[in-house]
Amino acid sequence: MGLNDSSPGAMRNGRGLSDQWAESVVVRPRTTERHITVHKRLVLGFALSILTLIIVTAVAVVLSVRFEECAGQDRDGVTGESGSRGSGGSAKLNGSRGERTGERADEEAVQPWRNSRLPGTVRPRHYDLRLAVYMDNFTFSGEVSIELECINATRFIVLHADRLEVDRVSVTAEGGAGGRPANRPGGGAMRVHRHFPFPANQMYVVVLHRELKPMRVYRLNVSFDAAIEDELLGFFRSSYTLQRERRYLAVTQFSPIHARKAFPCFDEPVYKATFSLTLRHDPQYTSLSNMPVESSSLSDEDGWVTNRFARTPRMSTYYLAWAVCNFTYRETQTNSGVTIRLYARPDAISSGAGDYALHITKRLLGFYQDYFKVQYSLPKLDLLAVPKHPYAAMENWGLSVFVEQKILLDAEVSSSSYQMELTMVVVHEICHQWFGDLVTPVWWEDVWLKEGFAHFFEYVGTDFLFPKWNMEKQRFLTDVLHEVMLLDGLSSSHPISQEVEQATDIDRVFDWIAYKKGAALIRMLANVMGQPLFQKGLNDYLLSHMYSNAARDDLWSKLSQAMRSEGQDINIGEMMDRWTLQMGYPVITITKNQSEQLPTHYITIKQEHFLYGQEVRSNNSLQWQVPLTVAVGNTSTVCLESLIWINNKTETHRIGQMDDNTWLLGNINQTGYFRVNYDLQNWKLLIQQLHTKPQIISVGNRAGLIDDAFNLARAGYLPQGVPLQLIGYLPEETSFLPWHAASRALYQLDKLLDRTEEYSLFSDYVLKQVASRYHQMGWPTNGPGNEGNILQASYQTEELQRELIMLACSFGNKQCHRQAVAYISDWISSNKNRIPPNIRDIVYCTGVSLMDEDVWEFIWMKFHSSNAVSEKKILLEALTCSDNTFLLNRLLNLSLTSDLVPEQDVIDVIIHVGRNPQGRNLAWKYFREKWDVLNARYGEALFMNSKLISGVTEFLNTERELNECLHGLKEQRQKPNTRAVMEKKICILMRPSRRGNS
């Protein structure tokens, strides 16, 4: 595409005069010479006057331009160069001196690029993007032509660009918003005054001589060059080894704000547009994108292939995706004609490692179409398994990208927990094709609108695939509800919807509050509404906002309409705003008030903000609208629950007939997002019930009672003895879920006590609780062909057996240790791994911790020789279990300084070393020393930094360690660098953790 140069020396877009000058020319009639008589001195004076006027005007113009350029240079951190490459011949958006503080809104109106958000004066309608990808030197060049609609008159086109070397820029007028062609001389070309980067906001600015007019369509053309980076964001490269040959691929990761690293664009979710992509590359590679290939051609000159992909639907920039690789694939097709392909390394495809994910994806597309009553919008869906990726997966529309560990499955060596995790990742990403791709949150403050729904449907969709797993009613409680309430009870928590202004703030909204609390609130709402009305509201929401954007109020409106359609006048928005705009959650305290005069009984219900640490609960002004379900029971029966809406701090309600032996139970099946406390007599009755006939209380509520009791005691609402008395019934517990809830609570205590004199008493107590059930369940047998395959195994039984073995080995059961050592010894001597896949991680870790250095070297060797991604993962984690600090130090150093440890696994290595009591101080020290390297590599990747920081500080809970952190922060306060930011983040994390643990 030929683009006009906008440098000062070039002709003005093919016209000899500027638009303004040309329009001011007036043609006058000629005057004959005989009518003109002028004195020579008058002519000379007049000429001198004209010359003086011209000189003064020229000086004024020069000074004005220089002033504008200097102002741009001083304030913006860029030069006012009007040349084709911006500052110093290069438009690379890095190394900026940054903005000066104190800028005001009026300046932002004059210079809209100074605002952190795009001005909204123009909107993209369509991108025509053409890229040439050079895999030999990892660079690419591109041309993008963006069709724009002008909303408000402006001389500035402001869009995003980051690390792009912009070459040429041109703008043409296309016509009216309805598509009328421009009928102007010069083909509608507009004069570009200058164009320059503004690195502080990752923006690129095009300044025009004339204003764009509202309701008119224009075309912005930009050519650029960039590198295919090695940092997992934007358009980045990865590699793998096949038959001892290193092979490379390149793939995109644009969420949340990294499309701007690959092409100039309006990189905010609300600026949806259609995209036409063309990729040119070496023919040995295959190229993929969101849509199918529309046309393909080979060049006669260099033999390169050019693939043009079909036009996409309207979507946000961060869902555009492409990849250049030499993968192979397997495919299937849905009943509605959607082609599904899974692309991966050729050896992974030939081994069938992708078949499981391909199979469940086909089923899931049908499930979601039936559930939402909205068809999948694209003709194909590709699943791409890459060796290296910053996240588990990314839901690009029509081209979802997964890290290999989350999509490739070797059924012979994979455990049931690995298969379950892989299943849920696929379920999550397929849900995003509706919640995210089709309907996108307006802005990042409501990211939970897509992530909360996808996380909730991980459990609903998995239940569709495998109903016997009962994920939504059981595993959701421990893995989502209990986990996020632990975080949301800290004083450092935040509302699920939080304001986001700067680009640097976007990463903080992608946390477990958005994912897990979002899922928990959606589950609570679904139970309040009932399944049919919930589905009806979601269908209306998706149909009303498809190919567009939505905010939380749009969702509340559609759900309220669904309720009203059945005569239920519940204002969903009024109810849910309390849950989404306030941090935390309430603890509901229920006490019995028995009246001697009345045959019926009343209960007093009180709500208050639940927080760990009594010292932070002084100002308790938050209130919620709480849908509380309550049941009453005794030793032989339980009555049906009733729903009570709690709107005030304290309320009294009639509950029906009760006597001294009747207990109350709140939050039936834990559908609500809150904790429930009782008077001590009611706790005593519930504990007696669990010890005599626990099955009277549902398995979900048994798990909930354990989690609530431990956390209420930790926060000071209950005496510490209550939860320990409660779990005294566990030797009689036959279900996995209560054991899993107890295990999580006991590991929290383990973190606190493992460096104290009382630790042996605690570990003996745990082993006493575990012993009888552990010996009864025993160890799994390794039968031929079906071990570890959850499609054939009893999931609940396997998980309970695994939980008991993990507890027994972790807390020092001698028989458990002997069995693990025997398995490892047999593997080494026979070179046959007979360890059942479902417990391999436990056996590997236990063996490495108890046996000598030769076992560590054996596991290290197996890690490098294994081709199964699930096996490599647990082998690497096992290496972190050693008691030998030399080996742990060696592993830490190898992880960051060599290719022996995959880049995406480095953070997990550091975290797992930190969980080892012998490696805790090593990981903490290594983390602080290597922070700059780690931050440079992973700093922009969502979750990476927060995951690393929380991981290495997970077991740091002493006064000395907090003081060490604060001392480091004080030293760094004078150094405005990333380490100071790191120190501050760590101290913030440690402070609430200490309060909660004290």
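For the structure, see preceding data.
The notes below deal with the structure included here. Computed from a prediction, not measured in an experiment: that's the story for all the values here.

**Structural notes on the nonpolar core**
- Membership of the largest hydrophobic core comes to 282 residues, with the highest contact counts inside it found for F263, W322, F372, W434 and W579.
- Tallying contributions element by element places helix α9 (residues 512-529) first for this core, with twelve residues.
- Setting aside residues no more than four positions away along its own chain, F263 makes contact with Y127, L129, V144, H160, L164, F224, F254, F275, L320 and W322.
- Formed by 16 residues, the second largest nonpolar core is a distinct cluster that contains L288, C325, F327 and V401.

**What to know about helix α13 (residues 680-692)**
- Taking 1.5 Å per residue, 13 residues should reach 18 Å; α13 reaches 18 Å between its end C-alpha atoms and fits that length.
- All of the buried residues in α13 are N682, W683, L685, L686, I687, Q689 and L690.
- Along its buried surface, α13 packs onto β23 (586-593), β28 (663-666), β29 (675-678), α14 (699-714) and α15 (721-726).

**Topic: the sheet that holds strand β9 (residues 234-242)**
- Pairing is antiparallel in the open sheet, where four strands are placed in the order β9-β10-β15-β12. Edge strands, defined here as strands with exactly one partner in the open sheet, are β9 and β12 (286-289). Taking each pair of neighbouring strands and ignoring which way they run, the sheet shows an average axis angle of 15°.
- As paired elements, β12 and strand β15 (residues 322-325) share four bridges and run antiparallel to each other. Of the residues in β15, the one forming a bridge with L288 is A323.

**Observations concerning the state of the cysteines**
- Inspection of every chain in the model, using the stated rule, returns two disulfides.
- The disulfide that involves C809 links it to C816, with 1.9 Å between the sulfurs. Judged by the sign of its S-S torsion, about -95°, the bond between C809 and C816 is left-handed. Each member of the pair, C809 as well as C816, carries the same accessibility label: buried.
- Here C845 pairs with C881 through a disulfide, and the sulfurs are 2.0 Å apart.

**Here we look at the side chain of D707**
- Residue placement: D707 occurs in helix α14.
- Each residue touching D707, except ones within four places of it in the same chain, is listed here: H482 and R675.

**With respect to the packing of aromatic side chains**
- All told, the structure shown has 57 aromatic pairs when counted by the stated rule.
- Ring centres of F435 and F453 lie 4.2 Å apart, and the angle between their planes is 15°; on these two criteria the pair is classed as stacked. Pair noted here: F435 is in the loop between α6 (416-431) and β21 (439-441) and F453 is in helix α7 (residues 448-465), with a separation of 18 residues, a long-range link.
- The exposure class of F435 is buried, given its relative accessible area of 1%.
- Between R237 and the ring centre of F138, over which it is positioned, the NZ or CZ distance is 4.5 Å.

**A closer look at the environment of G518**
- Turning to its location among the elements, G518 is positioned in helix α9.
- Exposure remark for G518: the relative accessible area of 0% places this residue in the buried category.
- With 38 residues separating them in the primary sequence, G518 and V480 have C-alpha atoms 9.9 Å apart.
- Other than its neighbours up to four places away in sequence, G518 contacts W448, G452, I496 and I513.

Each value, and the rule that gives it
Residues numbered from 1 in each chain as written. Predicted model: local features only at pLDDT ≥ 70, side-chain atom pairs only at ≥ 80, totals over all residues. Heavy atoms only, no water. Core = buried A, V, L, I, M, F, W, Y, C linked by side-chain atoms within 4.5 Å. Buried < 20%, exposed > 50% of the residue type's maximum accessible area, 1.4 Å probe, protein only. Helix = DSSP H or I, 4+ residues; strand = E, 2+ residues; numbered from the N terminus. Contact = heavy atoms within 4.5 Å. Expected span 1.5 Å × (residues − 1). Pairing = 2+ DSSP bridges. Axes fitted to C-alpha atoms, helices over the stretch in contact; angles between N-to-C directions. Disulfide = S-S within 2.5 Å. Phe/Tyr/Trp six-rings, centres within 6.5 Å; stacked < 30°, edge-to-face > 60°. Lys NZ or Arg CZ within 6 Å of the ring centre and 35° of its normal.

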